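Fold and contact review
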Amino acid sequence: MSLPSSKTVKQTLRKSLIEARESLDDATRKKADQAIASHVEHWLRANPVETLGIFYPIRREPDLLPLYERLSEQGTVLALPIVVDKNAPLQFAQWAPGEPLKKDALGVPVPNRLIFGATPQAVLVPCVGFNDARYRLGYGGGFFDRTLKTDPRPSALGIAYACLGTTFDPGQLDVAMDWIITEEGVI
């Protein structure tokens, strides 16, 4: 009998974590989103950045859109990740809340008008799950891992609900987050 591959284990874990995230009721999610936003704001006060890489929430990821509006009003340049090549690091395009979006080939919202050149000093990275060593389980494309291997490397803040903490072994190409931020605090 052969043991399941690491890829198979991660696919199964990814599926169960997405189901757990999607099953959170709206009141719990809203309260958690507000707490996560508060922790991100506190981190940014201690670690100011000119440009912040963000994510637009899909598949019931933490919704930080109200935070993005406040940051934009305060002068922080926000930048959404753009897949330019499936084997390359992400690029970031400037975006401000309220500006039109469209879906890319992967179904991820991106700015209608791509203005590249925004190099974030920190990046908010959505997590499907995370472990105690601050490794993130994502959707499996490796885009953020490749991005976090670039120089200069942005600070990586994994964003997740606390219930998505789990146990898994990172792969050879996985890159640990600098911090994981949940509604319970900063890890």
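Here the structure is shown first, and the text comes after it.
Let me sum up the structure you'll find in this document.

Conventions used here
- Residues numbered from 1 in each chain as written.
- Predicted model: local features only at pLDDT ≥ 70, side-chain atom pairs only at ≥ 80, totals over all residues.
- Heavy atoms only, no water.
- Helix = DSSP H or I, 4+ residues; strand = E, 2+ residues; numbered from the N terminus.
- Rg over C-alpha atoms; globule rule 2.2 N^0.38 Å.
- Buried < 20%, exposed > 50% of the residue type's maximum accessible area, 1.4 Å probe, protein only.
- Contact = heavy atoms within 4.5 Å.
- Areas by Shrake-Rupley, 256 points an atom, 1.4 Å probe, with all protein chains shown as cover.
- Lys, Arg positive; Asp, Glu negative; His and termini not counted.
- Charge placed at Lys NZ, Arg CZ, Asp CG, Glu CD.
- Pairing = 2+ DSSP bridges.
- Expected span 1.5 Å × (residues − 1).
- Arc of directions from axis to C-beta.
- Salt bridge = Lys/Arg side-chain N within 4 Å of Asp/Glu carboxyl O.
- Core = buried A, V, L, I, M, F, W, Y, C linked by side-chain atoms within 4.5 Å.
- Axes fitted to C-alpha atoms, helices over the stretch in contact; angles between N-to-C directions.
- Patch = residues over 30% accessible without salt bridge, like charges linked within 9 Å, V, L, I, M, F, W, Y side chains within 5 Å.

Moving on to the overall build of the protein chain. Of the regular secondary structure elements, the protein chain holds 4 helices and 11 strands. At 16 Å, the protein chain has a C-alpha radius of gyration in line with the 16 Å of a compact globule built from 187 residues. Seen through its C-alpha atoms, the protein chain measures out along the principal axes to roughly 55 × 35 × 30 Å. A total of 187 residues make up the protein chain; the buried ones form 43% of that total. Taking contacts inside the protein chain between residues at least 6 apart in sequence as the whole, the part at least 24 apart equals 70%. Of the roughly 10000 Å² that the protein chain leaves accessible, carbon and sulfur atoms contribute 51%. For the protein chain, the centre of its 21 positive side-chain charges and the centre of its 22 negative side-chain charges are spaced 5 Å apart.

Moving on: the pairing of strand E9 (residues 155-159). Burial of E9 is extensive: 4 of the 5 residues sit out of reach of the surface. With 5 bridges joining them, strand E6 (residues 122-126) and E9 adopt parallel strand pairing. Residue pairing across strands places proline 126 opposite isoleucine 159, the latter belonging to E9.

Let us look at helix H1 (residues 6-22). For H1, with 17 residues, the first-to-last C-alpha span of 24 Å sits near the 24 Å given by 1.5 Å per residue. Buried within H1 are the following residues: Lys10, Leu13, Arg14, Leu17, Ile18 and Arg21. When H1 is viewed along its axis, its buried side chains cluster within an angular range of 135 degrees and face the same direction. In this structure, H1 carries Thr12 and Lys15 as exposed residues pointing more than 90 degrees from its buried face.

Close approach of charged atoms lets side chains of opposite charge pair. A complete count under the given rule lists 5 salt bridges for this structure. Salt-bridge contacts for aspartate 26 lead to arginine 60; the nearest nitrogen and oxygen are separated by 3.2 Å. Residue aspartate 26 is found in helix H2 (residues 26-46), and its partner arginine 60 is found in the loop between strand E1 (51-53) and helix H3 (65-73); the two are separated by 34 residues along the sequence. Overall, aspartate 26 belongs to the exposed group, its relative accessible area being 55%. Ionic pairing is found between arginine 153 and aspartate 178, a salt bridge with its closest N-O pair at 2.7 Å.

Core analysis: the largest hydrophobic core is formed by 48 residues, its most contacted members being Val40, Leu52, Ile54, Leu64, Tyr68, Leu124 and Ile159. At the level of elements, H1, H2, H3, strand E2 (77-82), E6, helix H4 (143-147), E9 and strand E10 (179-182) are the ones that each hand at least two residues to this core. Looking at this core element by element, the count peaks at 6 residues for H2. Setting aside chain neighbours within four positions, we find valine 40 in contact with Leu67, Leu124, Ile159 and Ile181.

Looking now at the sheet that holds E2. Read from one edge to the other, the open sheet built from 7 strands follows the order E3-E2-E1-E6-E9-E10-E11, with strand pairing classed as mixed. Every other strand in the sheet has two partners, leaving strand E3 (91-94) and strand E11 (185-186) as the edge strands with one partner each. For E9 and E10, the ladder comprises 3 bridges, and the chain directions are parallel. Looking at the pairing, leucine 157 lines up with tryptophan 179 of E10. The sheet contacts of H2 involve E1, E6, E9, E10 and E11, and relative to E10 the element is tilted by about 140 degrees.

In this section: a nonpolar patch on the surface. Taken together, the side chains of Val84, Leu114 and Phe116 make up a nonpolar region of the molecular surface, amounting to roughly 240 Å² of accessible area. Tracing the chain through its elements places valine 84 in the loop between E2 and E3.

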